[in-house]
Amino acid sequence: MVYHFEAIQAFSRSALPRLDIVATAVFAISGALQAAKARQNIVTFAFFAAVTGVGGGTVRDLLMGAPVFWVHTTTPMAVCLVMALLVWFTPTRWWPHHAIDWFDGMGVAAYGVYGAAKAQAYGVPWLPAAVLGVVTACMGGIFRDVLANVPSIVIRPELYVTAAALSAGCYVLLAACGVPQLVATTIAFAAGFALRGAAIRHGINLPAYRRS
Amino acid sequence: MVYHFEAIQAFSRSALPRLDIVATAVFAISGALQAAKARQNIVTFAFFAAVTGVGGGTVRDLLMGAPVFWVHTTTPMAVCLVMALLVWFTPTRWWPHHAIDWFDGMGVAAYGVYGAAKAQAYGVPWLPAAVLGVVTACMGGIFRDVLANVPSIVIRPELYVTAAALSAGCYVLLAACGVPQLVATTIAFAAGFALRGAAIRHGINLPAYRRS
Amino acid sequence: MVYHFEAIQAFSRSALPRLDIVATAVFAISGALQAAKARQNIVTFAFFAAVTGVGGGTVRDLLMGAPVFWVHTTTPMAVCLVMALLVWFTPTRWWPHHAIDWFDGMGVAAYGVYGAAKAQAYGVPWLPAAVLGVVTACMGGIFRDVLANVPSIVIRPELYVTAAALSAGCYVLLAACGVPQLVATTIAFAAGFALRGAAIRHGINLPAYRRS
C-alpha cells in the first residue's frame, strides 16, 4: 500500500473535506428521522444518527486503509449528536414530505463525490475509486434500514444506486479530463442529487430485468 | 494515527483484558442460545457463538486501527466454541427465562466499559471513545439478530443502547475524574448492567418520541 | 502484527490467488441472479454482483490486517461488472434450477480454502485461520441476502456453514500434515463443494438442536 502523501495533503487542504461534514450531517438527520418514525427514545435517536451519519465514510476509510475519519477527532460525532437533538426537538409536521429520502439523497450525492475523490487522493485506481464512492454513498442508508428492520433502500423500486454511481462516475470522469476540482465536484454533486430527486418525486427508474 | 505505546502496554498489563474474555463468553452464549431457538445444528451454533462473541470487539478494533483481538491468538475463538458446546449440551429448561437477554446484557455492560477503556488507551478522545464503547457493546447483538433474521435488539421497546451508553459514559467520566481504574470499571459495569436488567425485568424505557 | 513476508510472497506466486478470482466471479453471479429475482435494474445488478463478489474477501482482508484485495487493483471489480452484464443478458430459463445456490456453493468451497490459506500465509494460527476461511466463505452470501431482504442463507434448513467449515478445516488439516498445496486445495475444495451440493440437492442437514 503506497500512500501518496502529497496528494493526501493537497486533498486535506482543499474544500472537499467540508463535503464530508455535510454528508455526515444530512445522513445523521435521515437516521434520526427514521428513529422518530419508529418512536424511539433520545439515546436511540443519537445511535441511529451516528450509525447512519458516519457509516458510509467508515466503510470507505476501512476499505482504503485510511484512519477512520471520526475516531481521532471529535467534530463528526458531535455533529451527529447535534443533528439527533435537532430532530428530537422539531415537530414531525415541520419536516417536508419524504424528509428521510431528501436528506438521504443529499448524503448520497455528497458521499458519491467525496468517496471517489478521497480514494483517488489515496492512489486508488479509477474503477475501484468510483466503486468506493458508490459504497460510501449507499452504506449509511443500508445500515439505517437494517437497524430499523425495514427493506434496504437499494431495493426500492426507484433509482438509488444509479444516482450514487452518477455522482461518483461524473467526478472520476471530469477529474480525469482535467476539469478543476471545485467545478467537477459541483457538477457531479448536482447531477447525482437531481437524478435522485427526480426518482423520489416521480418514482423514475431504469428498465428492470424482465427476461424469463 | 499516533499510537501511545506506554498507555497501550499499561492497559495490556491491567485487569481490563479479562473483561474482554468475559464479554466474549457471555455474548457467545447469547448467540448460541439464539441458534438453539432457531433449531440449528452444532456447526451453526458455533458460527452464531463466534459472530456474536467477537463481533462487537472486531468492529471496535477495526475502527481504532488496532489488530483484531482474536485473529493473532487462539483463546477468544476457543472460548466461543466451548460456549457453543456448553449451550448445545444443556437442556433449554435449565436456562433462566430470557436467558439470551441476560447474557447479552452482561456483554453490553462489559463491552461498554472495555470498548471505551481500550479506545482511550489507544489515544482516542473522550467523545469518540465513549461512542466506540457503545458500538462495541451493541454490535454483537445486532449481528446475532440480523443473522437470525429477527428485529435488531436496539429497536426493542425497552432500554438497550441507553444501558451501553451509561456503562461507557460512566467509565469515561470516572476515568477523567481520576478515579482508580478498577473502581471506575466496577461502578460503570454495575450501572450499565443494573439499568439493562431493570429494562429486561420491568420493560422500562425513556420517554419515546411523540411529537407530530 | 508480524508479517511473514517470505510466506506471503510464496503465497502470491502460487496458484492459489486464482481461486480468489474464481470465488469472486461465482459469488458475483449469485449476487446478480438475486438482483434478477428481485427485478432490479442494471446498476443495482452491478451493485449486488460487487457486494456479493468481493464481500467475503473484504471482511477476510480487514480482519487479518491485509490491504483489501480489490482496492488497489482493477481486475476483481471488473470481473464483478462483467458477471453482472453476463447475467443481465442471459434469459433466466437458461440458468439451471437453484442457480443462485450452485454458484454460491462453488464460492463457499473456494473461499473456505482460500480464506484459510491466505490467513496462514499471513501468520494467523490454525484455529483463527480456519475461522477466517469460514467467515470469508459465508459473508458474501450473508451480505447478498441482507441487501435483498431475504432470510440469510446460514439459517436455511440445510447444510451451509458446515460445508464452509469442511473446506477450511480440511485445508488447514492437510496443510498441517505436509500434503502439497495443490493436492490439499483440490481435496478441500471438492469436499466442501460435494457436501454443499448434496445439501442443495437432497436437503441434508446435521441433526438440529431438540433439547427442551
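Residues numbered from 1 in each chain as written. Chains lettered and ligands numbered in written order. Predicted model: local features only at pLDDT ≥ 70, side-chain atom pairs only at ≥ 80, totals over all residues. Heavy atoms only, no water.

- Quoted verbatim from the Sequence similarities (unreviewed entry) field of UniProt, the annotation for chain A is "Belongs to the UPF0126 family."
- Annotation of chain A in UniProt includes, under Subcellular location (unreviewed entry), the sentence "Cell membrane". (UniProt positions renumbered as here; feature names shortened; annotations may be inferred.)

1. Some remarks on the overall build of chain A
- Secondary structure assignment for chain A yields eight helices and zero strands.
- The order of α-helices and β-strands along chain A, N terminus first, is α-α-α-α-α-α-α-α.
- Compactness check: chain A gives a C-alpha radius of gyration of 17 Å against a globular reference of 17 Å for 212 residues, within 12% of the reference.
- In terms of overall dimensions, chain A has a C-alpha envelope of 50 × 45 × 30 Å along the principal axes.
- Looking at chain A as a whole, 59% of its 212 residues qualify as buried.
- Within chain A, residue pairs in contact and separated by at least 24 positions form 76% of the contacts whose partners lie at least 6 positions apart.
- Accessible surface, chain A as shown: approximately 8200 Å² in total, 68% of it carbon and sulfur.
- Here chain A contributes 13 positively and 7 negatively charged side chains, and the mean placements of these two sets differ by 7 Å. (Helix = DSSP H or I, 4+ residues; strand = E, 2+ residues; numbered from the N terminus. Rg over C-alpha atoms; globule rule 2.2 N^0.38 Å. Buried < 20%, exposed > 50% of the residue type's maximum accessible area, 1.4 Å probe, protein only. Contact = heavy atoms within 4.5 Å. Areas by Shrake-Rupley, 256 points an atom, 1.4 Å probe, with all protein chains shown as cover. Lys, Arg positive; Asp, Glu negative; His and termini not counted. Charge placed at Lys NZ, Arg CZ, Asp CG, Glu CD.)

2. Points about the packing of helix α2 (residues 16–37) of chain A against helix α5 (residues 99–121) of chain A
Residue and element names in this part refer to chain A.
- For the pair α2 and α5, interaxial distance at closest approach is 8 Å and the crossing angle is 150°. Taken together, the axes of α2 and α5 lie roughly antiparallel to each other. As for how α2 packs across α5, the hand of that crossing is left-handed.
- By residue class, the composition of the contact of α2 with α5 is 18 nonpolar, four polar and three charged. (Axes fitted to C-alpha atoms, helices over the stretch in contact; angles between N-to-C directions. Parallel < 35°, antiparallel > 145°, perpendicular 65-115°, else oblique. Left-handed = near helix turned anticlockwise from the far one by under 90°. Nonpolar A, V, L, I, M, F, W, Y, C, P; charged D, E, K, R; others polar.)

3. Describing the relation of the copies chain C and chain A
- Take chain C, turn it by 120°, move it 0.0 Å along the axis, and it overlays chain A with an RMSD of 0.0 Å. Taken together, these values place the two copies in the relation of a three-fold axis.
- With a heterologous cut-off of 20% or less, the 6% of interface residues of chain C that recur at the interface of chain A puts this contact in the heterologous class. (Least-squares fit on C-alpha atoms with pLDDT ≥ 70 in both.)

4. Brief notes about helix α7 (residues 161–176) of chain C
- Taking 1.5 Å as the rise per residue, α7 of chain C with 16 residues should run 22 Å; its terminal C-alpha atoms sit 22 Å apart, in good agreement.
- Here α7 of chain C has its buried residues at V161, T162, A163, A164, S167, A168, Y171, V172 and L174 of chain C.
- Where α7 of chain C is buried, its residues touch α3 (42–64) of chain B together with α5 (99–121), α6 (126–148) and α8 (181–202) of chain C. (Expected span 1.5 Å × (residues − 1).)

5. Looking at the interface of chain A and chain B
- Each side of the interface is counted separately: chain A has 33 residues, and chain B has 30 residues.
- When the two sides are added together, the surface that chain A and chain B hide from each other amounts to roughly 2700 Å², 69% of it contributed by carbon and sulfur.
- Inspection of the region where chain A meets chain B yields zero salt bridges.
- Put simply, chain A and chain B have six residue pairs in polar contact (both at pLDDT 80 or more) between them. (Buried area = accessible area lost by both parts, 1.4 Å probe. Salt bridge = Lys/Arg side-chain N within 4 Å of Asp/Glu carboxyl O. Polar contact = N/O pair within 3.5 Å; in protein donor to acceptor, adjacent residues only side chain to side chain.)

6. Here we look at the packing of aromatic side chains
- Within this structure, the stated rule accounts for 24 aromatic pairs over all chains.
- Relative to F103 of chain A, the ring of W95 of chain A lies with its centre 5.6 Å away and its plane at 85°, an arrangement referred to as edge-to-face. We note that W95 of chain A, like F103 of chain A, is buried.
- Here the aromatic cluster, defined as three or more aromatic residues joined through ring pairs, consists of F45 and W88 of chain A together with Y209 of chain B.
- For R60 of chain A, the ring lying beneath its charged end belongs to F69 of chain A, and the centroid distance is 5.3 Å. (Phe/Tyr/Trp six-rings, centres within 6.5 Å; stacked < 30°, edge-to-face > 60°. Lys NZ or Arg CZ within 6 Å of the ring centre and 35° of its normal.)

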